[in-house]
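Chain and residue survey
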Amino acid sequence: MESQQQPKGSSQSREGKRAPNQPVMSQKDAYARLLSQHHSGKFRSYLDQFVQEQQLQAERNSSGGAELDGKEPESCLSLYMEKLNERAVSVTEASGLKQGWIAQRQHNKRRGTSASQDGDVESGEEGHVRHANARQQEKQLKGTGSKASMAEMQSNQQQNKKKPKKKNTPKSKMEAKLDDGKCGKKCVWLLFSDGTSVSLTPDKNKSRNKGGKGKKKQVFEAYMSSEEVSAGLKRGELIQGPLRINPKKYHEAFIPSPDGTRDLFLDGVAARNRALNGDIVVVKVLPRDQWKVGADVIVEAQYSDGEEEQTHTDALVVYIMEQKHSRAATGFLRFLSDKNFAMFSPMDHRVPRVNVPLADCPEDFPTRPGDYTNTLFVCRITDWPDDSTFAEGQLLKSLGMAGEIEPETEGILTDYDVDFSDFSDEVLQCLPQDLPWIISPEELLKRRDLREECIFTIDPSTARDLDDALSCRLLPDGNFEVGVHIADVSYFVQEGSALDLIASRRATSVYLVQKVIPMLPRLLCEELCSLNPMTDRLTFSVIWKLTPEGKILSEWFGRSMIRSCVKLSYDHAQSMIDSPDTLLDPKVLPPCDPKHPVDEIHRAVVDLHRLAQKLRAQRFQGGALRLDQLKLAFTLDRETGMPQGCYIYQYRDSNKLVEEFMLLANMAVAHQVYRSFPQQALLRRHPPPQAKLVDDLMEFCDQMGLNLDFSSAGALHRSLHETLGMDEYSSARKEVLTHMCSRPMQMAVYYCTGVLKEEALFRHYALNVPFYTHFTSPIRRYADVLVHRLLATSLGEYDIQKQASHCNDKKTASKRVQELSCELFFSVFVKECGPLESEAMVMGVLDQSFDVLVLRYGVQKRIYCNALKGLENFHFTKVGKKPELTLVWAPDDSDSRCITIFTLVEVLLQADEIPTKYTAVLKHPCEAGPQGSAPLLDASCLLGSQDAAQ
């Protein structure tokens, strides 16, 4: 008989080390000790389910050996005892049973197979896959069953009761299987529903680490070949599109439907097949009988988070056409004992958990993991096997402590693949080296000289990258000459240079609360290209001749040179607009060029405002749509950079003045470049909203008594401004309804005109114009640089569509980073200054939670019913499309509350235990004042606004 040796790395038994003279436990007692390690109620339910499945399988397959002569399957204990009678197994071998089980558990703890000591490492979905693996493994084993002996089981349990920690041995039946091993000897396998298996073989060394090894079940479907994908797309059997994963429910994902109606739905991680958010994927539509029917599928996809049961077209990813996601993420490390890797848990739940080698971790991480509990790390996925729900990757760097602004900001930038590194020497060598730089005489001869004109900039007071300027001059015939002058960035960014390459990769500047990540080096952004006052600068100009009513009589495009006379802020311009007949004191203005006195600048601003009002009225009369949204701004401590206060940004007439002429210039340039380059023009289109979501929203509005007209963009704009009343809460209702109307809207995108076959597809839905592009911000948008090149007819061979797609991705990421930066600073503000009280208006209702717009701060937050103290119960119902959630407080309060869209509540914003997070809590009825739904009367304006789809 082979000698007994404890497996290397195995733990001691729970009873401690046995003394030399301690009697050896019997075979039956050893088995009971094994069962006692699976004595939880959860395991008993697993066993019951397992036995039921095996009985059903036996009925379907009479030759499977699971059932003999119509008898019930025998218990593992009975089969084990029969095996003992057949073979003379020593008592010493029985004591090795637990060691073999421990070794098998260690084997099952390999990457991606089972939960670690950290209880939350494995999600429910991953656990489901693991139990499925166990069942599949059981089906692959040959074996026979035998009848259960309850008397023996009860006797075994009685013996177990003598030991204090071995109570409640499960009574559930458990399958055992006989397997013919390669050695020709029969082995007994005990298969547990939690994925473990134990080999009861006389040869202990063969049982160690071999139980249930088998081949791991494939979690993800194998990808199609590129040839199969190409053929499938041509036949229309497969669909290609960008993957969008729900950030609040990571098991839900969508790709656009080819007909533009309802998105295709991907249910669960397996359906995504290792694709990440933003990837361009190819999917196949599943058979109709596999489509999911449920109430929570469109929760985040449209206006309200409660939708009646509907069938959704389900799909499965079969190929990743392009990995748009960087595969990098920010998160935390979790130590796993007895393993040579650590678990990386991303903060973004749409990214899988990643196994990283311990060699990548800090040197003292294995011995002092607690020191890194709140440390943020950056990890990059390097592989994702098809047989594991966990990816594999490498740890790149440590960012610092969670909850601190700078590490959190760097984490946000990393998650969205924003390049914030310093510009290389090769890039900087592309800039003018002889400073101060002056315009050469040769360049002067190529341009229209406008340095004597009254030209000025209007920007936020803190702006340093001034890329647009305005001019307005009254002509003798009573008309106006109006100019928009844009920094000529393309003069410095030569096509094909290292500077051009890095600018095309970054594609946009990213504006955070506390700083800007520039697309171009600061020497260009803030000096050579910035239209700083009283400095000669190169520009591209669009100049119109306009009537006082805003009718365009003529227009001119060309390269020019200007000299701005003053840098105005929006506040300065607004003061001139508010007091058109009163000149501002020169002391309150920045330094002005003596050639252009304050009264000339004042008159130009007022004239521009009046013309902008005419142009704006014409736009909306022509069917334009604007969806206003609240925008939060902060005041920061100059020394620490911490938020001192916050306020809703005011969108005033001075903002509208600048916006109107920038829109006019963009539309004029769009027509010009399309005429010149009908196959290569870089334009911007805004597709119409998704029809099915619009239909659902119309039905909801009808039921709520809201008279919204969705027949066109202009009709929607007019009805939004005529429906919601003029009381104190009309602006809040308008914001809630605007949020609902934004859900069906699609994103505006750049495109190359040669890609789309029909000119009707060029249209910009929100602006209601046939052609539109971006021309006015080349310092911060690379798309504008391309448009400048097109306008100058200096464009060489260039893949416009590829760069347009890249600009779309970066613009979307930049917008999300800006939002997350705002959320970060507001959460810090809540932590430092909270708790904060405010009224809020309900804007979405789910079955167990509801979303509110916090009126004082303009933020949106979700309130969960199970987190409300004193809440006795809650009930969710739907009347047509109208969701209602009834909150029932403790009986002694005798109070209940119906929550639906537009309901007014009082909330408390307070810091969360998780760094940089805060929660909204509904105030208890006895603490809150009188509340209810705001009446639906007439409309009034919002405090702040932002263009929806430019």
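Model, not experiment: these values are computed from the prediction. (Residues numbered from 1 in each chain as written. Predicted model: local features only at pLDDT ≥ 70, side-chain atom pairs only at ≥ 80, totals over all residues. Heavy atoms only, no water.)

Our next topic: the environment of serine 821. Structurally, serine 821 is set in helix H23 (residues 800–833). Judged by its relative accessible area of 2%, serine 821 is buried. Residues serine 821 and glutamine 514 lie 307 residues apart in sequence; the distance between their C-alpha atoms is 8.5 Å. Among residues more than four places away in sequence, those in contact with serine 821 are Ile412, Leu512, Val513 and Gln514. Only 3.0 Å separates the side chain of serine 821 from the backbone nitrogen of valine 513, close enough to count as a polar contact. (Helix = DSSP H or I, 4+ residues; strand = E, 2+ residues; numbered from the N terminus. Buried < 20%, exposed > 50% of the residue type's maximum accessible area, 1.4 Å probe, protein only. Contact = heavy atoms within 4.5 Å. Polar contact = N/O pair within 3.5 Å; in protein donor to acceptor, adjacent residues only side chain to side chain.)

Two elements in contact, helix H18 (residues 653–676) and helix H22 (residues 782–791), have axes whose closest approach is 9 Å; the angle formed by their N-to-C orientations is 55 degrees. By the angle between their axes, H18 is oblique relative to H22. Judged by the sense of rotation from one axis to the other, the crossing of H18 with H22 is left-handed. Mapping the contact onto sequence places Val669, Gln672 and Val673 in H18 and Val787, Leu790 and Leu791 in H22. Looking at the contact of H18 with H22 residue by residue, the classes come out as five nonpolar, one polar and no charged. (Axes fitted to C-alpha atoms, helices over the stretch in contact; angles between N-to-C directions. Parallel < 35°, antiparallel > 145°, perpendicular 65-115°, else oblique. Left-handed = near helix turned anticlockwise from the far one by under 90°. Nonpolar A, V, L, I, M, F, W, Y, C, P; charged D, E, K, R; others polar.)

The positions UniProt marks with the feature "site: Important for catalytic activity" (unreviewed entry) are Asp467. Secondary-structure assignment places aspartate 467 in the loop between strand E18 (455–459) and strand E19 (468–474). Residue classification places aspartate 467 among the buried positions, given a relative accessible area of 4%. The residues touching aspartate 467, leaving out its near neighbours within four places in the chain, are His485, Ile486, Ala487, Leu531, Thr776, Ser777, Pro778, Ile779 and Arg780. (UniProt positions renumbered as here; feature names shortened; annotations may be inferred.)

Turning next to the sheet that holds strand E8 (residues 280–285). In a beta sheet, neighbouring strands are held together by backbone hydrogen bonds and run either parallel or antiparallel to one another. The three strands lie next to each other as E4-E8-E11, forming an open sheet whose pairing is antiparallel. The sheet terminates laterally at strand E4 (238–242) and strand E11 (315–322), the two strands that pair on one side only. Averaged over all adjacent pairs, the angle separating strand axes in this sheet is 30 degrees, with direction ignored. Where E4 and E8 come together, five bridges link them in antiparallel fashion. From the neighbouring strand, leucine 238 faces E8, where its bridge partner is lysine 284. Seen against the sheet, helix H9 (residues 226–235) touches E4, E8 and E11 and runs at an angle of roughly 100 degrees to E4. (Pairing = 2+ DSSP bridges.)

What follows deals with the nonpolar core. A general feature of soluble globular proteins is that nonpolar side chains tend to end up buried together. Within the largest apolar cluster, 93 residues are counted, with the highest numbers of intra-cluster contacts made by Phe456, Leu470 and Phe661. Sorting elements by how many residues they give to this core places H18 first, with eleven residues. Among all residues touching leucine 470, those that are not within four sequence positions of it are Cys454, Ile455, Phe456, Ile458, Gly483, Val484, His485, Leu608, Leu657, Val658, Phe661 and Met662. Counting 72 residues, the second-largest nonpolar core is a separate cluster that includes Ile405, Ile648, Val694 and Val905. (Core = buried A, V, L, I, M, F, W, Y, C linked by side-chain atoms within 4.5 Å.)

Before going further, it helps to spend a moment on the environment of phenylalanine 220. Here phenylalanine 220 shows up in the loop between helix H8 (204–207) and H9. Separated by 52 residues in the primary sequence, phenylalanine 220 and arginine 272 place their C-alpha atoms 8.7 Å from one another. Ignoring anything within four residues of it in the chain, the contact list for phenylalanine 220 reads Val269, Ala270, Asn273, Arg274, Trp384, Pro385, Asp386 and Ser388.

Below, the discussion takes up helix H14 (residues 498–506). Of all nine residues that make up H14, seven are buried, and the element is covered over most of its length. Listing the buried residues of H14 in full gives Ala498, Leu499, Asp500, Ile502, Ala503, Ser504 and Arg506. Against the buried residues of H14 lie helix H12 (425–428), strand E22 (516–517), helix H15 (522–528), H22 and H23. Looking one or two residues past H14, alanine 507 carries a phi angle of roughly 70 degrees, positive in sign.

Using the criterion set out here, one finds 43 salt bridges in the structure. Note that arginine 451 is salt-bridged to aspartate 536, the shortest N-O span being 3.1 Å. Of the two residues, arginine 451 is situated in the loop between strand E17 (448–449) and E18 and aspartate 536 in strand E23 (residues 536–546); the sequence distance between them amounts to 85 residues. A relative accessible area of 24% means that arginine 451 is categorised as partly exposed. Of the charged contacts, one joins lysine 923 and glutamate 837 as a salt bridge, the two residues approaching to 3.5 Å between their closest N and O atoms. (Salt bridge = Lys/Arg side-chain N within 4 Å of Asp/Glu carboxyl O.)

For the rest of this paragraph, the subject is the packing of helix H16 (residues 570–578) against helix H17 (residues 598–621). The geometry of H16 relative to H17 is characterised by a closest axis approach of 9 Å and an angle of 80 degrees between their N-to-C directions. Classified by the angle between their axes, H16 and H17 sit roughly perpendicular to one another. Here H16 contributes Ala573, Met576 and Ile577 to the contact with H17, which in turn contributes Ile601, His602, Val605, Val606 and His609. Residue classes in the contact of H16 with H17 are distributed as six nonpolar, two polar and no charged.

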